[in-house]
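Close look at the chain arrangement
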Amino acid sequence: WLLLAGRGYGKTRCGAEFIRKRVDSGAARHIVIAAPTAADARDVCVLGESGILAIYPPHQRPTYQSSLRAIHWPNGAKAILVSGDEPERFRGLQADTVWVDELASFRFVDAWTQLMLGTRLGDPRVCVTTTPKPVAIVRDLVKRADCFVTRGSTYDNRENLSEAFFRSVVATYEGTRTGRQELHAEILEDVDGAIVSHDMIDAARVLEMPSIQRTIVAIDPAVTSGESADETGIVVVAKGGDGDGYVLEDLSCRLSPDGWARRAVEAYHRHGADRIVVERNNGGEMCEATLRQIDRSVPVKSVVASKGKHVRFEPIGALYEQGRIHHVGTLPTLEDQLCSFTPAGYEGGASPDRADACVWALSELLLNRGVGWGDIPYAA
């Protein structure tokens, strides 16, 4: 049984109740409880507020021997606690019941292998409770025919969680990639062969912008309008005093020309930007005229895309790889688009409007050194 659920769903309680039911029914005699570390097994699975000792009334509570890392029940059932950090110590263990907590956080794949090789007593059952990560063990489990999968989100257990937790923590991550994984328990995958990965973006992410040299608002206009049309990409990017690029805001939208133009001009003034850059290929002259109708004082630069999107993206991808581009806060939809570019093309499905605008802005700030736009490798 694989329980994939978000933080606060009640995974630990489910795992503890799974053990209790198996013990009370007599089906469990030889039990193994595994967690990423020995401390996790002790502090969460056994001693935690939703752990095994907490769910029993005092007169039925099993005995925990910390020195032996063992739990004994009055009916003779026994559980051994093991750590995913010590897979070699799993050898020789035999079990009819196994509870594995936070399998996605195990450091060694062999720990899972050794656990499964020990499930050879009676009619064995295994319960895995974990917040998903895109690791091979979890992906393989989901595909197994003999694995029953239960999914749940943090919101499923809202009535038992603090409202302050929802106001301060959940609200911060809702709508982000972290929230999709940690709150809604989605298994998120990076595109195979992607030039930029989410790990690269996360490693360089910052919460505040340092001193600024220049700021650009870039627009990738949609060709058509309406609810089914592509979005107009609008992204605000700055060059910091350290020479790195900082992606400040993603304002992409599906609005009329007047609507997105007003949004871009408002961002220009709010951020004290130096100029607005707009791609000319998709009706750029009309876009420039629309912007000037909103505010004639705004400097607008039109750029021409003479190379494919993925080719233009490659030098920007190199900057991401070098850790020279930082996202200020989280920009989940933009980040998903950026992580869908491969050397062979864009693998994200719909048009990468947000990413295209971001590339134009970063190219203007970090690749344009006073020469003509067409002289910049890959950025024209």
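Residues numbered from 1 in each chain as written. Predicted model: local features only at pLDDT ≥ 70, side-chain atom pairs only at ≥ 80, totals over all residues. Heavy atoms only, no water.

Here we come to the pairing of strand β9 (residues 212-220). Where a strand is regular, its side chains alternate between the two sheet faces. Two strands pair when backbone bridges link them, and β9 and strand β10 (residues 233-240) are joined in this way by 8 bridges, in the antiparallel orientation. By the bridge assignment for β10, A218 is matched with V235. Inspection of the sheet shows β9 paired to strand β12 (residues 275-279) by 4 bridges, in the parallel sense. The residue bridging V217 from the neighbouring strand is I276, located in β12. (Pairing = 2+ DSSP bridges. Helix = DSSP H or I, 4+ residues; strand = E, 2+ residues; numbered from the N terminus.)

Next up on the list: the sheet that holds strand β5 (residues 78-83). Strand order in the open sheet formed by 8 strands is β3-β4-β5-β2-β6-β7-β1-β8, with mixed pairing between adjacent strands. One side of each edge strand has no neighbouring strand; the edge strands of this open sheet are β3 (63-65) and β8 (149-152). Averaged over neighbouring strand pairs, the angle between their axes works out to 15 degrees when direction is ignored. Here 3 bridges tie β3 to strand β4 (residues 70-72), and the two strands are oriented antiparallel to one another. (Axes fitted to C-alpha atoms, helices over the stretch in contact; angles between N-to-C directions.)

Before going further, it helps to examine the nonpolar core. Ranked by internal contacts, the top residues of the largest apolar core, which has 30 residues, are V237, V247, Y320, I325, L334, C358 and L362. A per-element tally of this core places helix α13 (residues 353-367) first, with 9 residues. Once you skip the residues sitting within four places of it in the chain, Y320 turns out to touch V196, M200, I201, V247, I325, H327, L338, C358 and L362. By size, the runner-up hydrophobic cluster in this structure holds 23 residues, among which are L251, C287, L291 and V328. (Core = buried A, V, L, I, M, F, W, Y, C linked by side-chain atoms within 4.5 Å. Buried < 20%, exposed > 50% of the residue type's maximum accessible area, 1.4 Å probe, protein only. Contact = heavy atoms within 4.5 Å.)

This part takes up the layout of surface pockets. Taken as a whole, the largest pocket spans an internal volume of roughly 550 Å³. Taken together, 23 residues make up the lining of the largest pocket; nearest its centre are R7, G8, Y9, G10 and K11. Among the secondary structure elements, those contributing two or more residues to the lining of the largest pocket are α1 (11-24), α6 (163-173) and α7 (177-182). No other element matches α1, which puts 4 residues into the lining of the largest pocket. (1 Å grid on protein atoms, 1.4 Å probe; cavity = no way out; pocket = protein on both sides within 12 Å on 5 of 7 lines; lining within 4 Å. Points joined across faces, edges and corners; volume = space filled by probe spheres on them.)

To continue, consider the pattern of salt bridges. Oppositely charged side chains are able to pair whenever their charged atoms sit close together. Enumeration over the complete set of coordinates arrives at 22 salt bridges. For R89, the salt bridge identified is with E86, shortest N-O distance 3.5 Å. The class of R89 is exposed, set by a relative accessible area of 53%. The residue E266 makes a salt bridge to R270 at a minimum N-O spacing of 2.9 Å. One end of the pair is E266 and the other is R270, both in helix α9 (residues 257-271) and 4 residues apart, which spans about a single turn. Assessed through its relative accessible area of 42%, R270 is described here as partly exposed. Taken together, the salt bridges that share partners define one network made up of R214, R275, K301 and E364. (Salt bridge = Lys/Arg side-chain N within 4 Å of Asp/Glu carboxyl O.)

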